[in-house]
Amino acid sequence: MPRLPRLTILLLLALSASAAAKAPETVNIGYQKANIFALLKYRGTLDETFKKQGIAVRWVEFPAGPQMLEGLNVGSIDLAATGDAPPAFAQAAKADLVYLGHSPANPKTEAIVVPESSAIKTVADLKGKRVGLNKGSDVNYLLVKALEEAGLTYKDITPVYLPPADARAAFQRGAIDAWVIWDPYLAEVETNARARQIRNAEGLVPHYTFYLASRKFAEAAPDAAKQVLGELGKLSDWANAHQQDAAGILSASTGLDKGIWQKAIARSPYGAERMTPAVYDQQQALADTFTGIGLLPVKVDVRSATWSLDKQ
């Protein structure tokens, strides 16, 4: 069989690589009513950018991060944005995802709160108390670290695992002594129930929003993945400079008062940054903490979800 000329081989390889990385016909994005992808959806800038390239955007709403990452795992969506904890749990469940980037740290957007008249003044006072939280969530990590800081362990409190809406009702009627929660629910309960913070995440845990993709999508369409990250960066610049407008969009999306969203956004700078070794280390510490308290059944190697472009 005759050998192909070297130039022909190189051209074939280039064409093969181009075909493998060609633009997708549709990009499927998961979003929640309260996260940055909701802002991107309602602003419409990503849709406009991709439309010029012949790419359609399909937006798929999810109630929370874990369900969204299950959608990512089974292939119903290509991209998602969640807090710190859901990716670690998804990796434990063998989801083949990659980290594209992250927001700036937002430690002031999650906190442990108590009723205004509560005798609880510090985290140490939580010993023996009933603490409401969403199991396996970002605030679960905050609670563990706050207890450690106060010289307590997770066994010193009674965790009451409730989704935010149920926890809000339990907090209102006094069925739980404290609630660990994130914005905008944090801003809402501070505004409408005069809840009092006893500890937020500042100085304890960084609290990021992570931008995630299925590995299949990220490897097959790296240019599209990078474009989404770029659009998130542009949107972040706009939202940081136009907080009232961003609050109006998220108010319409969630049904929460604009004033509540203004309070939440004021302590939550938006951004889209590529992953760094330091952020992977912080995420590994979170995963190891959940393994240590038995919420994760296996040890997770966070760096196994590194995007190949970040390895170069």
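Residues numbered from 1 in each chain as written. Predicted model: local features only at pLDDT ≥ 70, side-chain atom pairs only at ≥ 80, totals over all residues. Heavy atoms only, no water.

## Remarks on the sheet that holds strand S9 (residues 196-200)
With mixed pairing, the 5 strands of this open sheet are ordered in space as S7-S6-S8-S5-S9. Two strands close off the open sheet at either side, each with one partner strand: strand S7 (158-161) and S9. Going from strand to strand, the sheet's axes swing by 30 degrees on average, the running direction of each strand aside. The sheet contact formed by strand S5 (residues 110-114) and strand S8 (residues 178-182) spans 4 bridges and is antiparallel. Its bridge partner lying in S8, Glu 110 is registered against Trp 182. Along the sheet, helix H6 (residues 138-149) makes contact with S5, strand S6 (130-133), S7, S8 and S9, crossing S5 at roughly 70 degrees. Strand contacts of helix H7 (residues 164-173): S5 and S8, with the helix running at about 145 degrees to S8, the strand carrying the most contacts. (Pairing = 2+ DSSP bridges. Helix = DSSP H or I, 4+ residues; strand = E, 2+ residues; numbered from the N terminus. Axes fitted to C-alpha atoms, helices over the stretch in contact; angles between N-to-C directions. Contact = heavy atoms within 4.5 Å.)

## Some words on the domain arrangement of the chain
Domain annotation for the chain reports domain 1 (26-106 + 208-310) and domain 2 (110-200). Each of domain 1 and domain 2 was reduced to a C-alpha centroid, and the two centroids are 25 Å apart. In this complex, domain 1 contributes 19 residues to the contact, which on the side of domain 2 involves 19 residues. Of the roughly 1,400 Å² buried where domain 1 meets domain 2, counting both sides, 67% is carbon and sulfur surface. (Domains from an automatic or database assignment. Buried area = accessible area lost by both parts, 1.4 Å probe.)

## Some details on helix H13 (residues 277-292)
Since the α-helix turns once every 3.6 residues, residues separated by three or four places project in the same direction. Here H13 spans 22 Å end to end across 16 residues, near enough to the 22 Å set by a 1.5 Å rise per residue. Listing the buried residues of H13 in full gives Val 279, Tyr 280, Gln 283, Gln 284, Leu 286, Ala 287, Thr 289 and Phe 290. Once H13 finishes, Gly 294 follows within two positions and takes phi at roughly 85 degrees, a positive value. (Expected span 1.5 Å × (residues − 1). Buried < 20%, exposed > 50% of the residue type's maximum accessible area, 1.4 Å probe, protein only.)

## Some points on unusual backbone geometry
Following Asp 183, the chain continues into Pro 184 via a peptide bond in cis, with omega recorded as 10 degrees. The residue Pro 184 is located in the loop between S8 and helix H8 (185-192) in this model. Phi angles above zero are rare outside glycine, and Lys 94 is one such case at about 70 degrees. Along the chain, Lys 94 turns up in the loop between helix H5 (85-92) and strand S4 (97-102). We note that His 207 has phi near 60 degrees; this positive angle belongs to a residue other than glycine. Residue placement: His 207 occurs in the loop between S9 and strand S10 (210-214). Judged by relative accessible area, His 207 falls into the buried class, the value being 10%.

## Digging into the packing of helix H11 (residues 243-254) against helix H12 (residues 258-266)
Interhelical geometry of H11 versus H12 gives an angle of 125 degrees and a closest axis separation of 8 Å. In this view, H11 runs oblique relative to H12, as classed from their interaxial angle. The two elements H11 and H12 cross, and the hand of that crossing is right-handed. Across the interface between the two elements, Gln 243, Gln 244, Ala 246, Ala 247, Gly 248, Leu 250, Ser 251 and Thr 254 of H11 pack against Lys 258, Trp 261, Gln 262, Ile 265 and Ala 266 of H12. By residue class, the composition of the contact of H11 with H12 is 6 nonpolar, 6 polar and 1 charged. (Parallel < 35°, antiparallel > 145°, perpendicular 65-115°, else oblique. Left-handed = near helix turned anticlockwise from the far one by under 90°. Nonpolar A, V, L, I, M, F, W, Y, C, P; charged D, E, K, R; others polar.)

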